[in-house]
Amino acid sequence: VQSLRLFGLVPCAGRSTITLDSRMAATSSPRLCLLFACLWVSVAAQELMPNDLRLSIQQSVSEPHDPARCSEEALRLRGLLEKVLDIFPPSQAPPAPVVDRAAAQAADEIAAAATDAAKFSAQEVQCTRFYTCPECFAAGCAWCLGERVCVKDEAWGCQGQEDHVGRVGTVHACPTLQEIAEQRRKRKEYQAAQSVGPGGDGQPTSGSNVTDGTCVMFRQTAGCDPRGHHEGDKGCDEVINRGTSGFCECGGGVHAASSTCDHEHFNCANECRLLGEAQARARAKLHIRQEEELRRVQAEVGADDQSAGGDSGETSEEKRARHEEIESRAKLAMVDGGGAKRPYDVLGVEPTATQSEIRSAYRRLSLRLHPDKNTDIPELAQRAFADLVAAYEVVNSPDKRAAFDDFGSDPAFETQWEYEQYGQKSSGDFYKGHPLITTLTQKLWERRVSGDSIWLVEFYAPWCSHCQTFVGQFKALAQLLANDAIEVAAVNCETEVELCQKVFNIRAYPTIRMLNKKHGTQQEHLKDSGMDANNLATWARAVHQEWQWLFARANLEVLTPNAFGKTVENSTDFWVVLFTDGLECGHCKTAKTNMLRLSAGLMGVARVGIVDCDEDDVSRMFCTDKGVPQAPHAPQVRGWKHGRKFIGDKGEALYNPNEVDPHIALQLVDRLVRLARASDLKDDALAQGQEAGWEDGKEPPEPPRPPPMWNGPKGRANLMVNPGGTGPVRGQLTG
């Protein structure tokens, strides 16, 4: 600030203060940041400096920087400042212009802010001592709600403004327990509401599935709801302006242009004509698809018969049962819209089935029902096969399936789908309509991601240049995994903010994660290992193999407050217990996944459990009694010694999750417990990654355990430390 005054560059208000927070993210020194923000916006500075130096400073303070390079950038900026001072030393500086009191007061406020920022920067290491938001905030630090971590209070220290609780930003108070409970109650209600089956109340139901493309009228509804009560009618050629809700009734009772109040201008005559054209296209596409499948499956049937030497091995009873099934399917194909209206029943799968299960069911049934396999009843088989193809065409595309689940009660669904897809504008969804990639929304997440299915999901933002260039690789990845039991999906974080920020705490784009909802597991792919399709496919298959093994053999015990005393405190076993404030947060999922690995590694050596402190009021009080911090908090891992314990024993915290990456700490726990109990174990049980066992225990199960893939978020960047003198700047490990 003194240097600025010497140069007559005091004004640092207006535009400079607006960009101040973004500059803070690029430097580690608040004083340096303020100085360069002022230098760049000052016209005088631009006129005084040589052009090459001016361009260097412009690039340094105007372009966003990777937070991991902040210290390196700060040192470079300091070097540029020294060049400025060498060119214009204070003794040769131009005379300072007359400065009014307002400008001088602004400079003093900037100097005071820099002093306060420097004061808080000295507390950076101390911030990691705090486990809860209130303690963290009271100490002058910032609490990141998504990461459950206490950090230095500076701009962009957390994911965003709503995620950052501190003096910098817009959120200046920690969430109360009541607010947290209310948010989670609403989320549970939402999950329950979205877990219903297909055919929900999404839009008006058409009267039939056939239209001649003519228009009857526009039915206007109340409350900006196309399902609202009838308010009046308008003619087919009348322009329907924004602010009017309703739908066009076309010939045959089919509905078009079902609209809320927020829509572009249209008229029903044109919309019904487009709907009629869409109906013709939908029928033509289905007919072509049925013919293509007849020829494709015909080749497979011939190959199967040839390999079997003409003998199918089918008994007379099995043949009779197949004929009866075909006759039944052929009859149902003529009733109530056929397979296109009830695709899950025709394919013999549940509405919650994965895309892989749907593909497998279709392949099996297409071979069974093909006319070449049923030459004695060819017409019935032809009808049953065509109905199967019609059913599969509804649900083989993830996006089309999602629409059917919402609006499948409409008998004109196929026509409506074709009508809505035709000429549709891009919404920033990179993979919409892709046959192998599900475009997940929060609503679809609750319905589709369920059971034992393992998902590979890309979280992206349409404006992200890396995401745009990654599209080709991700599509290639989906093709590589088409025959694996891995579901591939993508989430547009620009539209699904709740899912990306609050549920999964996504901090960078694109982010690739493997997920399983039933077991609550999560694995993030680290970009350092390569983002090409082949590397990602290898990684995904390795995670899938390990998870299948863990789901079948790991023993992570769910502990309740009522059973804790009897199970843990009254036992002589060594216990490692994870305490979480819910199982929805991203860090909670990662911690649970690593605890599954720990339970597999310590099987026969120690017992491993988990307590959900957010389950109910009793669980919250129990966790508080055990010394677990108030929610929201990072997952806490505590240990109870081998041997006798006492009732009420709080155990011991094994590490500070703010200072040590939890997945690294748990690997150390795994190895140390093995070594501590070495005398009781088989020699080969000490090998890291193998299941432990007592001398009189059973042999490790077959197949052997895959290598454990310990995983966690990439650690925050190390601080750059200058030891003084002429020594080089080196990194300091901060966790």
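Residues numbered from 1 in each chain as written. Predicted model: local features only at pLDDT ≥ 70, side-chain atom pairs only at ≥ 80, totals over all residues. Heavy atoms only, no water.

The next point concerns the sheet that holds strand β17 (residues 652-653). The strand order across the open sheet built from five strands is β13-β15-β14-β16-β17, with neighbouring strands paired in mixed fashion. What marks the edges here is a single partner per strand, and that holds for β13 (556-558) and β17. Pairing geometry for strand β14 (residues 575-580) and strand β15 (residues 607-612), over six bridges, is parallel. Residue pairing across strands places V576 opposite V608, the latter belonging to β15. Against the sheet, helix α24 (residues 586-601) contacts β13, β14 and β15, and its axis sits at roughly 165° relative to β14. (Pairing = 2+ DSSP bridges. Helix = DSSP H or I, 4+ residues; strand = E, 2+ residues; numbered from the N terminus. Contact = heavy atoms within 4.5 Å. Axes fitted to C-alpha atoms, helices over the stretch in contact; angles between N-to-C directions.)

Moving on, we come to the pairing of β14. Of all six residues making up β14, six are buried, and the element is well covered by its neighbours. Of the two faces of β14, the one holding W575, V577 and F579 and the one holding V576, L578 and T580 are both buried throughout. A crossover links β14 with its parallel partner β15, the connecting element being α24, and its sense is right-handed. Here five bridges tie β14 to strand β16 (residues 636-640), and the two strands are oriented antiparallel to one another. Among the inter-strand pairings, W575 is bridged to a residue of β16, identified as W640. (Buried < 20%, exposed > 50% of the residue type's maximum accessible area, 1.4 Å probe, protein only. Right-handed = clockwise from strand over helix to strand, strands pointing away.)

For the coordinates displayed, the defined rule picks out ten disulfides. Across the disulfide, C215 is cross-linked to C236 (sulfur-sulfur distance 2.0 Å). Disulfide C215-C236: torsion about the S-S bond near -90°, hence left-handed. Here C215 is found in strand β4 (residues 215-221), whereas its partner C236 is found in the loop between β5 (230-234) and β6 (245-250), with 21 residues between them in sequence. (Disulfide = S-S within 2.5 Å.)

The strand order across the open sheet built from five strands is β8-β10-β9-β11-β12, with neighbouring strands paired in mixed fashion. The open sheet terminates on both sides in strands that have one partner only, identified here as β8 (437-439) and β12 (521-524). Each strand of the sheet is rotated relative to its neighbour by a mean of 25°, with strand direction disregarded. Here strand β9 (residues 454-460) runs beside strand β10 (residues 486-492); their pairing, made up of seven bridges, is parallel. By the bridge assignment, I454 is partnered in β10 with I486.

It is worth spelling out unusual backbone geometry at this point. That bond from Y509 to P510 is cis: its omega, -10°, falls within 30 degrees of zero. Relative to the elements of secondary structure, P510 occurs in the loop between α21 (497-503) and β11 (511-516). Note the cis peptide between A631 and P632, where omega equals 0°. Structurally, the position occupied by P632 is in the loop between α25 (617-625) and β16. You will see that A257, though not glycine, has its phi angle at about 55°, which is positive. Judged by relative accessible area, A257 falls into the buried class, the value being 12%.

This part takes up the pattern of salt bridges. Counted by the stated rule, this structure contains 22 salt bridges. Across the pair R242 and E264 runs a salt bridge whose closest N-O atoms are separated by 3.4 Å. Here E264 lies in the loop between β7 (255-259) and α12 (268-307) and R242 lies in the loop between β5 and β6, a separation of 22 residues in the sequence. With a relative accessible area of 45%, R242 lands in the partly exposed category. The closest approach of N and O atoms between E293 and R296, which form a salt bridge, is 2.9 Å. (Salt bridge = Lys/Arg side-chain N within 4 Å of Asp/Glu carboxyl O.)

Together, V660, I664, L668, L672 and L675 line one region of the surface with nonpolar side chains, adding up to about 450 Å² of accessible area. Relative to the helices and strands, I664 resides in helix α26 (residues 662-676). (Patch = residues over 30% accessible without salt bridge, like charges linked within 9 Å, V, L, I, M, F, W, Y side chains within 5 Å. Areas by Shrake-Rupley, 256 points an atom, 1.4 Å probe, with all protein chains shown as cover.)

What follows concerns the packing of aromatic side chains. The description of an aromatic ring pair rests on the distance of the ring centres and on the angle between the ring planes. Counting across every chain of the model gives 16 aromatic pairs. Judged by centre distance (3.9 Å) and plane angle (5°), the rings of Y362 and Y392 are stacked. Placement of Y362 in helix α15 (residues 355-369) and of Y392 in helix α16 (residues 378-395) is noted, with a sequence separation of 30 residues between them. One exposure class covers both Y362 and Y392, and it is buried. The structure contains a cluster of three or more aromatic residues connected by ring pairs, namely F430, Y431, Y460, F470 and F474. (Phe/Tyr/Trp six-rings, centres within 6.5 Å; stacked < 30°, edge-to-face > 60°.)

A few words now on the confidence of the model for the protein. In this model, the protein carries an average pLDDT of 75, and 69% of its residues clear a pLDDT of 70 or more. When pLDDT is averaged over each helix and strand of the protein, the minimum, 32, is found for helix α2 (residues 15-18) and the maximum, 94, for β9. Counted against residues more than four places away or in other chains, residues 691-695, with its pLDDT under 50, gives 24 contacts. (pLDDT = per-residue confidence, 0-100.)

Our focus in this paragraph is the packing of α15 against α16. Running from N to C, α15 and α16 cross one another at 170°; their axes reach a closest spacing of 10 Å. In terms of axis orientation, α15 runs roughly antiparallel to α16. Facing α15, whose interface residues are Q355, I358, R359, Y362, L365, S366 and L369, α16 presents A381, A384, F385, L388, V389, Y392 and V395. Classifying every residue of the contact of α15 with α16 gives eleven nonpolar, two polar and one charged. (Parallel < 35°, antiparallel > 145°, perpendicular 65-115°, else oblique. Nonpolar A, V, L, I, M, F, W, Y, C, P; charged D, E, K, R; others polar.)

Tracing the backbone through its elements, the reader meets N516 in strand β11. For N516, a relative accessible area of 3% puts it in the buried group. At 3.3 Å, the side chain of N516 and the backbone oxygen of D452 are in polar contact. Setting aside residues up to four positions removed in sequence, N516 forms contacts with G451, D452, S453, I454, T521, W547 and F551. (Polar contact = N/O pair within 3.5 Å; in protein donor to acceptor, adjacent residues only side chain to side chain.)

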